[in-house]
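If you want the building blocks of each chain, they are given just below.
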Amino acid sequence: MASTANAFRLSVSPKPAAASSPDAFLRPETLSFRSPAGGARLLRRSGGGACSVSAGAGAARFRVRASATPVMDKSASEAGSKAPTIVEVDLGSRSYPIYIGSGLLDRPELLQRHVHGKRVLVVTNDTVAPIYLDKVVNALTKGNPNVSVDHVILPDGEKYKDIDTMMKVFDKAIESRLDRRCTFVALGGGVIGDLCGYAAASFLRGVNFIQIPTTVMSQVDSSVGGKTGVNHRLGKNLIGAFYQPQCVLIDTDTLNTLPDRELASGLAEVIKYGLIRDAEFFEWQEKNMHALMARDPSALAYAIKRSCENKAEVVSLDEKESGLRATLNLGHTFGHAIETSFGYGQWLHGEAVAAGIVMAVDMSYRLGWIDESIVTRVDKILKQAKLPTLPPETLTVEKFKSVMAVDKKVADGLLRLILLKGPLGNCVFTGDYDRKALDETLRAFCKS
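The rules we used
Residues numbered from 1 in each chain as written. Predicted model: local features only at pLDDT ≥ 70, side-chain atom pairs only at ≥ 80, totals over all residues. Heavy atoms only, no water. 1 Å grid on protein atoms, 1.4 Å probe; cavity = no way out; pocket = protein on both sides within 12 Å on 5 of 7 lines; lining within 4 Å. Points joined across faces, edges and corners; volume = space filled by probe spheres on them. Helix = DSSP H or I, 4+ residues; strand = E, 2+ residues; numbered from the N terminus. Nonpolar A, V, L, I, M, F, W, Y, C, P; charged D, E, K, R; others polar. Core = buried A, V, L, I, M, F, W, Y, C linked by side-chain atoms within 4.5 Å. Buried < 20%, exposed > 50% of the residue type's maximum accessible area, 1.4 Å probe, protein only. Contact = heavy atoms within 4.5 Å. Pairing = 2+ DSSP bridges. Right-handed = clockwise from strand over helix to strand, strands pointing away. Expected span 1.5 Å × (residues − 1). Arc of directions from axis to C-beta.

Chemist: Which parts of the structure should I look at to understand empty space enclosed by the protein?
Modeler: By rolling a water-sized probe across the atoms, one finds the places where empty space is left. By the definition in use, this model includes three cavities of 30 Å³ or more. Taken as a whole, the largest cavity spans an internal volume of roughly 90 Å³. For the largest cavity, the lining is made up of 13 residues, of which Lys236, His336, Val403, Val406 and Asp407 are closest to its centre. Among the elements of the structure, strand 13 (235–242), helix 10 (332–342) and helix 13 (397–404) are those that each provide at least two residues to the lining of the largest cavity. Here the element with the most residues in the lining of the largest cavity is helix 10; it accounts for four residues. Class assignment for the residues of the lining of the largest cavity results in six nonpolar, four polar and three charged.

Written out as structure tokens, the structure reads:
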């Protein structure tokens, strides 16, 4: 699968920049893919699902269809299983397993098989540490007296996902005289996972790390795929590295202590997978959202598994986001602008993404790329998940544009967006769109 993905070459040919235009970052560009045989190529995995890359006249667009895993036909409550599931992230020598199941923190062998040295540093926060730190330390050391575990407890919240907080990890690692054979363990949500992963990528120029995500958001998205980093006051996730973990251990029991607001926030990413590449999964969500909101263990386990399978497939095809992986950011360009403008932590990441998804869907409809029924279904499911469908009232059109201009998906002055196009489960990543549609969407949702 990896070798198939590597057969593609991405070339970017931006059109000449308009002279000092305030909307210069919205200029269209041309993207083209070439395979050895020429033309578009269909990428398949063994299960039969497909991701297709199709080149249009003006720009290549990443068009993604549903993944191969069969959708659960039974009701959520009928389909549960206590047996751990393993989803493999296929990256050649950097491949690793995602363990998913109930009570996995009580199975020391799962973690210990991925610790190769004698020293471990657990990075967590002051919310998670009182609940799970002792359990994780026990899992790392039970029957394994040669391993010693240190820990660092950071303040909880998106506003602490910065360089200054990451320095506390380095301080502890250096004070503890950790060496290159040590392992960092990220115990917490997406902030801890991103920050710990970046610290691991940087300490002694790279040490092993393990992800133990404890929120829906981190279990279905941020812990998988090796994106690590911290925020800058001018933009979210602008500083970081691609750095893969040794494994991801998802103990679904950790969701028992998750606040309702955090639960809903994570479901925004679950919904995203259905919209961009997995229509059957979206339809399952429509039938089972009540079960997810009620924390039905079987429904949550299935949603996590299916989300991880979707992300693992995309990451295996495009580890460092040369194109296809960017489709996972549906709604994120608008959402990151909300987080950056409104203040990190004021809105949870999933809340901002939910509002961003609504804006991306609105723009897709204005372009004539999707049917109105998709707009209605998206609005309905987000409301069922108790997620916002509007950005903060204080954000203006100009503020949105200024923050979006420094988004990571801007290339050569061009803002590229992930938008829906065609039937449910299809999307495009493109800069070839009518700028008027973006302006109309911003005006519809923001103050002028």
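Chemist: How do you make sense of the nonpolar core when you look at a structure like this?
Modeler: It is characteristic of soluble globular proteins that their nonpolar side chains tend to be buried jointly. Membership of the largest hydrophobic core comes to 86 residues, with the highest contact counts inside it found for Ile98, Leu275, Phe334, Met363, Phe400 and Leu438. In contact with Leu275, not counting residues within four places along its chain, are Phe282, Leu330, Ile357, Val378, Leu420, Leu424, Gly425 and Asn426.

Chemist: Could you clarify how one ought to interpret the pairing of strand 10 (residues 183–188) in this entry?
Modeler: The two faces of the sheet receive side chains in turn, since in a regular strand these alternate between them. Within strand 10, six of the six residues are buried, leaving the element largely enclosed by the surrounding structure. Residues Thr183, Val185 and Leu187 of strand 10 are buried on one face, and the alternating residues Phe184, Ala186 and Gly188, pointing to the opposite face, are buried as well. The pairing of strand 8 (residues 119–125) with strand 10 spans four bridges and is parallel. Following the sheet pairing, Val123 is matched in strand 10 by Ala186. The pairing of strand 10 with strand 11 (residues 208–213) spans six bridges and is parallel. In the strand pairing of strand 11, Val185 is matched with Ile210. Handedness of the crossover is the feature at issue here: the chain leaves strand 10, passes through helix 5 (residues 190–202), returns alongside strand 11, and the resulting connection is right-handed.

Chemist: How should helix 12 (residues 372–384) be read in this particular structure?
Modeler: Over its 13 residues, helix 12 extends 19 Å from the first C-alpha to the last, a length consistent with the 18 Å expected when each residue adds 1.5 Å. Of all the positions in helix 12, only Ile374, Val378, Ile381 and Leu382 are classed as buried. Axial view of helix 12: buried residues confined to an arc of 100°, hence all on one face. For helix 12, the exposed residues lying more than 90 degrees away from the buried face are Lys380 and Lys383. The secondary structure elements touched by the buried residues of helix 12 are helix 7 (260–277), helix 8 (279–293), helix 11 (349–366) and strand 17 (417–420). One or two residues past the end of helix 12 sits Lys386, with phi positive at roughly 60°.

Chemist: Sorry if this is basic, but what is going on with the pairing of strand 9 (residues 148–154) here?
Modeler: Where strand 8 meets strand 9, seven bridges bridge the pair, whose relative direction is parallel. Along strand 9, the bridge assignment pairs Arg119 with Ser148. Traced from strand 8 through helix 3 (residues 129–141) to strand 9, the parallel crossover comes out right-handed.

Chemist: Sorry if this is basic, but what is going on with unusual backbone geometry here?
Modeler: The bulk of non-glycine residues show a negative phi, and the bulk of peptide bonds are trans. The phi dihedral of Leu204 is positive, around 50°, even though this residue is not glycine. Checked against the element boundaries, Leu204 lands in the loop between helix 5 and strand 11. Phi at Arg205 takes a positive value of approximately 65°, unusual for a residue other than glycine. Note that Arg205 resides in the loop between helix 5 and strand 11.

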